[in-house]
Amino acid sequence: MPKIYIKSEDGTTHELNAEAGQTIMQIATINNIDGIVAECGGNCVCATCHCFIGEEWTEKVGGPSDNEDMMLSMVDLRKDNSRLSCQVKFTEELDGLVIELPETQY
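This one's a predicted model, so the numbers in the text were calculated from it and none came from an experiment.

Each value, and the rule that gives it
Residues numbered from 1 in each chain as written. Predicted model: local features only at pLDDT ≥ 70, side-chain atom pairs only at ≥ 80, totals over all residues. Heavy atoms only, no water. Phe/Tyr/Trp six-rings, centres within 6.5 Å; stacked < 30°, edge-to-face > 60°. Lys NZ or Arg CZ within 6 Å of the ring centre and 35° of its normal. Pairing = 2+ DSSP bridges. Helix = DSSP H or I, 4+ residues; strand = E, 2+ residues; numbered from the N terminus. Axes fitted to C-alpha atoms, helices over the stretch in contact; angles between N-to-C directions. Buried < 20%, exposed > 50% of the residue type's maximum accessible area, 1.4 Å probe, protein only. Patch = residues over 30% accessible without salt bridge, like charges linked within 9 Å, V, L, I, M, F, W, Y side chains within 5 Å. Areas by Shrake-Rupley, 256 points an atom, 1.4 Å probe, with all protein chains shown as cover. Salt bridge = Lys/Arg side-chain N within 4 Å of Asp/Glu carboxyl O. Lys, Arg positive; Asp, Glu negative; His and termini not counted. Charge placed at Lys NZ, Arg CZ, Asp CG, Glu CD. Core = buried A, V, L, I, M, F, W, Y, C linked by side-chain atoms within 4.5 Å. Contact = heavy atoms within 4.5 Å.

Student: Is there a simple way to explain the packing of aromatic side chains in this structure?
Tutor: By convention here, two paired aromatic rings are described through the distance between centres and the angle between planes. The full count for this structure, using the stated rule, is zero aromatic pairs. Seen from the ring of Phe52, Lys79 lies directly overhead, with NZ or CZ sitting 4.3 Å from the centre.

The structure is reproduced here in structure tokens:
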């Protein structure tokens, strides 16, 4: 089964089974990963599922939509590789994807 790796702010790396078609937010919340709050349930209206895409994966994952970019503009810890995990759909070609979580979602 394909995998993703989520690095928590405390340095812990979680290896998770991933299913194509799910968002990174869904994969994280199904696996009870702390650090993904997901207050809006994946509707791209809260930015509480902010994450950083591993640098080697940013091109494959692609950039944010205009709406996502607007939501990310409210994030204090935004970086060039910031994405909202509710907007990143996992595909088979993302097997091995590395995600890092910020210190806080607020």
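Anyway, onward from the coordinates.
Student: Can you walk me through the sheet that holds strand S1 (residues 3–7) in this structure?
Tutor: Two modes of strand pairing occur in sheets, parallel and antiparallel, and in both the strands are linked by backbone hydrogen bonds. As summarised here, the arrangement of the five strands in space is S2-S1-S5-S3-S4, forming an open sheet in which the pairing is mixed. Either end of the sheet is taken by a strand with one partner, and the two such strands are strand S2 (13–17) and strand S4 (82–84). Strand-to-strand twist of the sheet, defined as the mean angle between neighbouring strand axes without regard to direction, takes the value 35 degrees. With five bridges joining them, S1 and S2 adopt antiparallel strand pairing. The residue bridging Tyr5 from the neighbouring strand is Glu15, located in S2.

Student: Looking at this model, I keep getting lost on the pairing of strand S5 (residues 97–100). Mind explaining?
Tutor: Two faces, one strand: in a regular strand the side chains alternate between the faces of the sheet. Pairing geometry for S1 and S5, over four bridges, is parallel. From the neighbouring strand, Tyr5 faces S5, where its bridge partner is Val98. Of the pairings in the sheet, the one linking strand S3 (residues 50–53) to S5 comprises two bridges and is antiparallel in character. Bridged to Ile53 within S5 is Ile99.

Student: Sorry if this is basic, but what is going on with the pairing of S1 here?
Tutor: The alternating pattern of S1 places Ile4 and Ile6 on a buried face, while none of Lys3, Tyr5 and Lys7, on the opposite face, is buried. The loop that links S1 with its antiparallel partner S2 comprises five residues; one of these, Gly11, has a positive phi angle of about 100 degrees.

Student: Where do I start with a negative patch on the surface in this structure?
Tutor: The grouping of Glu9, Asp10, Asp34 and Glu103 at the surface amounts to a negative patch. Among the secondary structure elements, Glu103 is positioned in the segment after S5. On the basis of relative accessibility, which here comes to 64%, the residue Glu103 falls in the exposed class.

Student: What should I look at first to understand the nonpolar core in this one?
Tutor: As a rule of thumb, soluble globular proteins bury nonpolar side chains together. By size, the foremost hydrophobic cluster in this structure holds 30 residues, and its most contacted members are Ile4, Ile6, Ile24, Ile53, Leu84, Leu97 and Ile99. Taken together, the elements giving at least two residues each to this core come down to S1, helix H1 (24–30), S3, helix H3 (66–72) and S5. The leading source of residues in this core is H1, at four residues. The residues contacting Ile53, other than those within four sequence positions of it, are Thr58, Val61, Asn81, Arg83, Val88, Leu97, Val98 and Ile99.

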